[in-house]
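# Notes for the structure review
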Amino acid sequence: MTTKIAKQTNFDALIIGGGACGLMCAVQAGFLGKRVLVLEKNDKVGAKILISGGGRCNYTNLYASPQQFISQNEHFCKSALSKWTVEDAITFFETYGIIGKEKTLGQLFPESDKAKDVVNIFTGLCADLGQEIWCNAQVNDIQKVESGFEVYADIDGEPQILIARKVVVAAGGLPIPKMGATDLGLKIARKLGLAVTETAPALVPLTITGKDQPWYEQLSGNSIFCRVWNDQASFEENILFTHWGLSGPAILQISSYWRPGEFIYIDLLPNQNIEELIAQQRDLNGKKTLLNFIATLYTRKFAEAIADRLPAEKNLASLSKTDIENISNLIHNFKVKPAGDKGYDKAEVMRGGVSTDELSSKTLEAKKVPGLFFGGECVDVTGWLGGYNFQWAWASGFVIAASL
Ligand SMILES: Cc1cc2nc3c(=O)[nH]c(=O)nc-3n(C[C@H](O)[C@H](O)[C@H](O)COP(=O)(O)OP(=O)(O)OC[C@H]3O[C@@H](n4cnc5c(N)ncnc54)[C@H](O)[C@@H]3O)c2cc1C
């Protein structure tokens, strides 16, 4: 057996992970005259940027503020988000050729609709600034030593130990394991005695099983504008029925606040009052059946499915007070108890991560382990759907760069 010799590097820092946070950190460090080496396990950097927003990359949100982030410490993200604002993101990308266009709800995408343009900015700047990126470099472990940190990696299949004074852990979260996601960030934190909060898939579709499942399955492909809520949050966006349950932006949003065993509630006609609509229709055409009336509000397929649970063939004039209360309850207060979620294979982000108690909110340096920084998704800061997660990744990378 050969013993590997640890190699002292002359980089100011090693960055583990060439994703959104690691790449922004490398570029910003370069602007400040610091030299870093990015270690990326995949054969190219920015894999998640490339698939984000359906390949178009929703890279920030015009309305991003600390309110759209979930964390055990809701104040933690404030410092970084104030140092790297949405304006900073817009200006940065514009400076290097990406003009943003707003799709919906403040979501900014490159005008070109190409996520690749975003990655190209980072790889181009790293090359210009002399920042090194090593791909096919899988980090397995790190160890604190007197001169900094030993980083144990397989580089092009060869085990190597690199030493650097500072290390940035920007290894992302657990979603999409087939794209190379690992738990390295959480593993390093635990190993060095830092607390990790409970992690779970977030921004993830929810499943329905048992006797209710066929009802959802028959509606597969139907999309409806709704308000979805629980006791913690409320979102007005589309929901999408699928063979196995519910998806669509409003469901992904509420999933980040949902825990197994809990209900979610859906208003299938937000900002309108079904009782008032029925009363108006009754005056105009009381002979209309309830089914035909509901079909004026939704697709025929959805109207038939929802009317299944109602006196569908009664005409509007003959609906009783109780009938109307039941209709109102079903439409405005539709109760769903998901069986589970689609897991990390389908989640857009991980909830939870390295506890914010362990990190300085100003620098993202571990309080107990000077020289070690955590940024991006592996930290317990999780954004809503809509460009917020990249805003956090950019902001945390920016803040860390200033301390390298
Ligand atoms: C399908 C999908 C669509 C999304 N769309 C959007 C969107 O439009 N807008 C938005 O704001 N957010 C979106 N997100 C979320 C966003 O991609 C992440 O929040 C963001 O990429 C997190 O940045 P990060 O740098 O922390 O992690 P990542 O970007 O995941 O980067 C981590 C990097 O570390 C590397 N790595 C992991 N383990 C190791 C190891 N052991 N050694 C070396 N390298 C390692 C990984 O290969 C990866 O390249 C989407 C996510 C998914 C899954």
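Here we come to the site of the ligand. For the ligand, the set of nearby residues contains 33 residues, the closest of which are Cys 21, Glu 40, Thr 182, Glu 377 and Phe 390. Between the ligand and the protein, one listed contact pairs an oxygen atom with a side-chain N or O atom of Asn 42 at 3.4 Å. Note that an oxygen atom of the ligand is positioned 2.8 Å from one of the backbone N or O atoms of Phe 390. In isolation the ligand has 1000 Å² of accessible area, and contact with the protein removes 94% of it.

Turning our eyes to something else, we now look at the nonpolar core. Counting 83 residues, the largest nonpolar core has Ile 142, Leu 372, Phe 374, Trp 392 and Trp 394 as the members making the most contacts within it. Residues Leu 246, Ala 250, Ile 254 and Phe 302 belong to the second largest nonpolar core, which totals 46 residues.

Next up on the list: the sheet that holds strand S6 (residues 100-102). Strand order in the open sheet formed by three strands is S4-S7-S6, and the pairing between neighbours is antiparallel. Each end of this open sheet is capped by a strand with a single partner; those strands are strand S4 (60-61) and S6. Two elements, S6 and strand S7 (residues 107-110), share three bridges in a ladder whose sense is antiparallel. By the bridge assignment for S7, Gly 100 is matched with Pro 110.

Another point: helix H9 (residues 274-285). Its 12 residues give H9 an end-to-end C-alpha distance of 16 Å, which sits within 8% of 16 Å, the value for a rise of 1.5 Å per residue. Within H9, burial applies to Ile 274, Leu 277, Ile 278 and Gln 281. Viewed end-on, H9 has its buried residues packed into an arc of 100°, placing them on one side of the element. Those residues of H9 hidden inside the fold are in contact with helix H10 (290-294) and helix H12 (321-332). Where H9 begins, the capping side chain belongs to Asn 273, and its oxygen is found 2.9 Å from the backbone nitrogen of Glu 275.

Attention shifts here to the sheet that holds strand S3 (residues 36-39). Ordered by their spatial adjacency, five strands build an open sheet running S8-S3-S2-S12-S22, and the pairing between neighbours is parallel. The open sheet terminates on both sides in strands that have one partner only, identified here as strand S8 (132-134) and strand S22 (372-374). With strand direction ignored, the average angle separating the axes of adjacent strands in the sheet is 20°. Relative to strand S12 (residues 167-169), strand S2 (residues 13-16) is paired through three bridges, and the arrangement is parallel. The partner of Ile 15 across the bridge, within S12, is Val 168.

What counts as what
Each chain has its residues counted from 1, following the order in which its sequence is written. The model is predicted, so local features are restricted to residues of pLDDT at least 70 and side-chain atom pairs to those at 80 or more, both for listing and for counting; the totals for chains, interfaces and linings are taken over all residues. The basis for the side-chain values is all heavy atoms of the structure; hydrogens and waters are excluded. Whether a residue is near a molecule or strand depends on its heavy atoms: it is near if one of them lies within 4 Å of it. Between N or O atoms, a polar contact is any pair within 3.5 Å; within protein, one atom must be a potential hydrogen donor and the other a potential acceptor, and residues adjacent in sequence are included only when both atoms are from side chains. In this description, accessible areas are obtained by the Shrake-Rupley approach with a 1.4 Å probe, and a residue is regarded as covered only by the protein chains that are shown. Put simply, a nonpolar core is a bunch of buried Ala, Val, Leu, Ile, Met, Phe, Trp, Tyr and Cys residues held in one set by side-chain atoms that sit within 4.5 Å of each other. When accessible area is computed with a 1.4 Å probe and restricted to protein chains, residues below 20% of their type maximum are described as buried, those above 50% as exposed, and intermediate ones as partly exposed. Each pair of strands is called paired provided DSSP finds at least two bridges between the two strands. Only runs of H or I of at least four residues qualify as helices and only runs of E of at least two qualify as strands under DSSP, and these elements are numbered from the N terminus. The length a helix should cover is 1.5 Å for every residue beyond the first. Directions drawn from the helix axis to the C-beta atoms are what define this arc. Note on contacts: a residue pair qualifies if any of its non-hydrogen atoms lie within 4.5 Å across the two residues. Convention adopted: a line fitted to C-alpha atoms gives each axis, helices being fitted over their contacting stretch, and angles between N-to-C directions are expressed from 0 to 180 degrees.

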